[in-house]
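# Report on the structure
What follows is the residue order along each chain.
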2 protein chains.
Amino acid sequence: MEITQLDIEEAHERIKPFIHKTPVLTSKTLDTISGVDIFFKCENFQKIGAFKIRGGMTAVLSLPQDKRKKGIATHSSGNHAQAIAYAAREVETKAYIVMPNNSPHVKVDAVKGYGAEIFFCEPNQQAREKKLQEVVEKTGAAFIHPYNDHRVITGQATAAKELLEEIPSLDFMMTPVGGGGLLSGTLLSAHYFSPSTLVYAGEPEGAADAILSLKNRRIEKAPFINTIADGLLTTLGDKTFAIIREYVKDILTVSDEEIIEAMRLVYERMKIVVEPSGVVPLAALLKNKHLFTGKKVGVIFSGGNVELKRLGEWF
Amino acid sequence: MEITQLDIEEAHERIKPFIHKTPVLTSKTLDTISGVDIFFKCENFQKIGAFKIRGGMTAVLSLPQDKRKKGIATHSSGNHAQAIAYAAREVETKAYIVMPNNSPHVKVDAVKGYGAEIFFCEPNQQAREKKLQEVVEKTGAAFIHPYNDHRVITGQATAAKELLEEIPSLDFMMTPVGGGGLLSGTLLSAHYFSPSTLVYAGEPEGAADAILSLKNRRIEKAPFINTIADGLLTTLGDKTFAIIREYVKDILTVSDEEIIEAMRLVYERMKIVVEPSGVVPLAALLKNKHLFTGKKVGVIFSGGNVELKRLGEWF
């Protein structure tokens, strides 16, 4: 199954009543520092504080009524958990979220706040898949994967679609890459709505699986995991990788120091809160200014869900 | 001399090319928590990161050409210093800023960044007035006081004017109070443009001079100074006090813990950066919800110039 232009357009219309059309901000200071015309698509201001609601909502709304009413299940300790919990509440069904038992309280509370039921598991891949399997068998709920799902990718594509509608002649777009949902959606929107716009992704050096996968032409794990960009730790899926390997211009890696420096600029100059994963594309742009000099670049700030007590470690 | 409605209208037109029309944001979460319909006027997104550019620009533009070209002088370690430096650069004249020699490097650098000349003095009132006097005598520059100046008050009034133009039927407006420039300007805009809108001010318990001045019907110093709201440490001036005692509905004090709790909500839920002084009116609203239940309240976020390294102390 391929995702078509019409799929993205229809998904966008369907989810519009449930999401924010987030603002596109500019910053004279950041333009001056970089020598680039940057347009920031602020998904940190999105419902649940991240773009993930786009994919979650799209997937939930695509379920037929009889499936929908049995509830939605997923495993996630991050923004996808909140997205599914929120989306389920919007369509008045139940959300069953499998979370590792070492998840931060603040994230557990946020998911509970949307009325989801939480199932804790040991913090490893095997335990979480087993627990999810149990939940799905017990409840009959529909499983929605955080990124390796065409409905989810279709929904994530709507962020770049909005950005291209507002700023039509972008030379480049940039996103972070973790599992690849936002990146592959952005690639599809560029392909369909603005074929001359090239797409780069930013990736943390401490979770550098996507750049390796691209190089080796197969899905790879990161050589090591050590980064503050905690939304970008997962590997690509076969569905996201298929799109990424076909369309992405390149993947640029950044260190945690570069991520923090980008966050500092965003907090000090733009006065907005973006999470470490969310500034990775800006950090990649600033590190590779020469690629973008004088160009119009759309940068997606993917989310703003920061644990405030960690700010003291970073700044 | 009284400040007229026309003064404010003319000032607004004059400064418009130099300032941002800052956005008015809302937050479902904060409305739910408070039971109040809150409209946040985001002067943290203003040029130089604070409303002060409105008063500074108004004062500088009101100088005749021959005065203007001799330069502008002021004493300030805070946002007013940046405002004067920025305004002077905009009209292509010199700014002379007297700053205490213990000013944070980041603030000194910001003022230098706008091309101002800095004169350091001992960190006390006497030393700074003496140094300013010297600078003015030497240069012939025009002195612009941070708040006790009708031109400055007129400029600060334009923030509330914009807010009332966007949200016409506010029951209340709230500002912080330090020297009283923003508060007295807001009071005048309410008086002229929306007489049914009542204005409250929020003040830190650790710099509680305004509430005491109001009670004793004369300008008082704070009983003690101990607060993280470092933009609100000064006493009122005779010009700001005259307006405040006539029009203000009341002054509500808040503790530093309440200021931090309000900042936490703003960072976590609204994903924007506001400085401690800037959230004081929100903290006052949250502490006194019963006064505002079901009402439409305009809250001015006065600025967003935070020293990031202090975030770790607060959160």
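Everything below is about the structure printed above this text.
Summarised in this report is the structure supplied together with it. (Residues numbered from 1 in each chain as written. Chains lettered and ligands numbered in written order. Predicted model: local features only at pLDDT ≥ 70, side-chain atom pairs only at ≥ 80, totals over all residues.)

## Let's talk about the overall build of chain A
Secondary structure summary: chain A contains 14 helices and ten strands in total. Whereas a compact globule of 315 residues would reach a radius of gyration of roughly 20 Å, chain A reaches 18 Å, a difference of no more than 12%. Projected onto its principal axes, the C-alpha coordinates of chain A cover approximately 55 × 45 × 40 Å. In chain A, buried positions account for 54% of the 315 residues. (Helix = DSSP H or I, 4+ residues; strand = E, 2+ residues; numbered from the N terminus. Rg over C-alpha atoms; globule rule 2.2 N^0.38 Å. Buried ≥ 20, exposed ≤ 12 C-beta atoms within 10 Å, placed from the backbone.)

## Examining the sheet that holds strand β4 (residues 95-100) of chain B
All names here are of chain B. Pairing is parallel in the open sheet, where four strands are placed in the order β5-β4-β3-β6. Since the sheet does not close on itself, it has two edges, and those belong to β5 (117-121) and β6 (142-143), each with one partner. In this structure, β4 lies alongside β5, joined through five bridges in parallel fashion. Among the inter-strand pairings, Val98 is bridged to a residue of β5, identified as Phe119. Packing against the sheet, helix α7 (residues 125-139) makes contact with β3 (72-75), β4, β5 and β6, and its axis sits at approximately 160 degrees to β4. (Pairing = 2+ DSSP bridges. Contact = placed C-beta atoms within 7 Å. Axes fitted to C-alpha atoms, helices over the stretch in contact; angles between N-to-C directions.)

## Points about the interface of chain A and chain B
On the side of chain B, 15 residues touch chain A, which itself brings 15 residues to the contact. Of all the secondary structure elements, the ones that give two or more residues to the side of chain A that touches chain B are α12 (256-270) and α14 (311-314) of chain A. With three residues, the single largest contributor to the side of chain A that touches chain B is α12(A).

## Digging into the relation of the copies chain A and chain B
Turning chain A through 180 degrees and shifting it by 0.0 Å along the axis lays it on chain B, with an RMSD of 0.0 Å. A rotation of that kind, with that shift, is consistent with a two-fold axis. Considering only C-alpha atoms, the part of chain A nearest the rotation axis is Gly312(A), at 1.7 Å. With an isologous cut-off of 70% or more, the 100% of interface residues of chain A that recur at the interface of chain B puts this contact in the isologous class. (Least-squares fit on C-alpha atoms with pLDDT ≥ 70 in both.)

Geometry only, nothing functional implied.
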